[in-house]
Amino acid sequence: MFLAKLTITQLVRNNVQIVVNQTRSLKEIKCKAAICWEPNKPLKIEEVTVAPPDENQVRIKMVATGICHTDAVTWRGEDADAVFPVVLGHEGSGIVESVGKNVKQFKAGDHVIPVFVPYCAKCKFCQSRKTNICDKIHDVPGGIAPGKGLLLNGKTPFSCKGKPVYNFMGTSTFSEYTVTDDIFVCKINKKAPLDKVCLLGCGVSTGYGAAINDAKVRPGSTCAVWGLGGVGLSVVMGCKRAGASIVCGIDINSKKCKIGQIFGITHFINPNETDECIKDYLLKLSNGGFDYTFESCGITKSMEDAMDVTHPGWGICTVMGVAPTGEKISTSPVNLIAGRKWIGSAYGGFNVTEIPALVNDYMSGNIKLDELITHTVTLENVNQAFENMFGGKGLRTVVKFKT
């Protein structure tokens, strides 16, 4: 009995440092974050308090984050359901700092991408295998948790100056540290550059998957893509990977023609620089209509045009762009009766479990990411990233956090 007590005592002594370190990691962290206090105002860099991970949560030290159009929709006040103040960002990558109770699949030091589309594997949505939408985002009284600025426990992990600051889309990557539910996180190859693969957290996966997973582009088909930003060029990449013979890019910035060719467009048109009706031009180019069209701009008129130039009988128009709340799209019922289809794509049909394979595809040279990153900034210059987006300067701006 005495020896047993000594053994236990020695074990406790040997592991005391580990216990202390774990306890320290589960305390609040103070760090810098970009807070959107109200719509249409510059984000402010503030010191925030980040709560320790609760049960089934992971706290991540962010390494990099992209700037996405969906962030801008909220920032500009175009989402009527948005809550403020909020830490935006949903296209990031980082390293696990600590985990909460019952988290088995992650540990400190893991390289991860937080994804706004979770996978619980238990709900009827996940088990149906018909969708990448998971019912877990509805598990908070009153509606969708991420849409209300909360994690699945009904709380936000952020506070600033003694007041709560809301979470964004379950991820909030515009912070040096963030907390997310474990079903929103995927572990990735540690050899992957985090400042590149962060783009797989939203834009690239959304566009690439829209072509591959949702529209299911076939070899030899004809495609047209509205908007040649990060998402649109990723659609182009997916169309070419699927073997499309014609990929026409449509953009009001003629500089996108050259970069579009790198990703695989075969034709380009700037609607503002042609006297010909764009729909007439596209119908002639496609010999009566495209097999697949894609709208990535979030402009309802473009969505309707994209539908009108699909081929009767089998044409599919896929919508990915996020339009301001309240806007609607319409088409003639004849378009549908004639066999055309209008579909939507959320995160390209991928769920969080499928992103590690995309990371490996990038590592193998099958997905372009480096070519999309035209600017890098620090967190202090996050507003410059939004200016780049609105001003048509380059493609994706990545925020790199100080390490």
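Up top you'll find the structure we're talking about.
Cut-offs and rules
Residues numbered from 1 in each chain as written. Predicted model: local features only at pLDDT ≥ 70, side-chain atom pairs only at ≥ 80, totals over all residues. Heavy atoms only, no water. Pairing = 2+ DSSP bridges. Helix = DSSP H or I, 4+ residues; strand = E, 2+ residues; numbered from the N terminus. Axes fitted to C-alpha atoms, helices over the stretch in contact; angles between N-to-C directions. Contact = heavy atoms within 4.5 Å. Expected span 1.5 Å × (residues − 1). Buried < 20%, exposed > 50% of the residue type's maximum accessible area, 1.4 Å probe, protein only.

This paragraph deals with the sheet that holds strand 7 (residues 158–160). The antiparallel open sheet is built from 5 strands, whose spatial order is 4-1-2-7-8. Because the sheet does not close on itself, it has two edges, and the strands there are strand 4 (86–87) and strand 8 (163–165). Pairing of strand 2 (residues 44–50) with strand 7 involves 2 bridges; the strand directions are antiparallel. Directly across from threonine 49, in strand 7, lies its bridge partner serine 159.

The next point concerns the sheet that holds strand 11 (residues 222–226). Strands sit in the order 13-12-11-14-15-16 across an open sheet of 6 strands; the sheet is parallel. In this open sheet, the two strands that pair with only one neighbour each are strand 13 (267–269) and strand 16 (341–344). Ignoring strand direction, the axes of neighbouring strands in this sheet form an average angle of 20°. The sheet contact formed by strand 11 and strand 14 (residues 292–295) spans 4 bridges and is parallel. Its bridge partner being in strand 14, cysteine 223 is matched across the sheet by tyrosine 292. Along the sheet, helix 8 (residues 278–285) makes contact with strand 11, strand 12 (246–250) and strand 13, crossing strand 12 at roughly 170°.

Structural remark: α-helix, 3.6 residues per turn; residues separated by three or four positions point the same way. Here helix 6 (residues 230–241) spans 16 Å end to end across 12 residues, near enough to the 16 Å set by a 1.5 Å rise per residue. Burial of helix 6 is extensive: 10 of the 12 residues sit out of reach of the surface. Those residues of helix 6 lying buried are Gly230, Val231, Gly232, Leu233, Ser234, Val235, Val236, Met237, Gly238 and Cys239. Those residues of helix 6 hidden inside the fold are in contact with helix 5 (203–214), strand 11, strand 12, helix 7 (256–263), strand 14 and strand 18 (396–400). Where helix 6 ends, the next residue or the one after it, glycine 243, has phi of about 95°, a positive value.

Bringing unusual backbone geometry into the picture now. Residue proline 85 is bonded to the preceding phenylalanine 84 through a cis peptide linkage, with omega at -5°. With phi around 70°, alanine 121 is a residue other than glycine that occupies positive phi space. The topology assignment puts alanine 121 in the loop between strand 6 (111–114) and helix 3 (124–128).

Let us look at the environment of alanine 242. Summarising the element assignment, alanine 242 is placed in the loop between helix 6 and strand 12. A C-alpha to C-alpha distance of 6.0 Å links alanine 242 and valine 217, two positions 25 residues apart in sequence.

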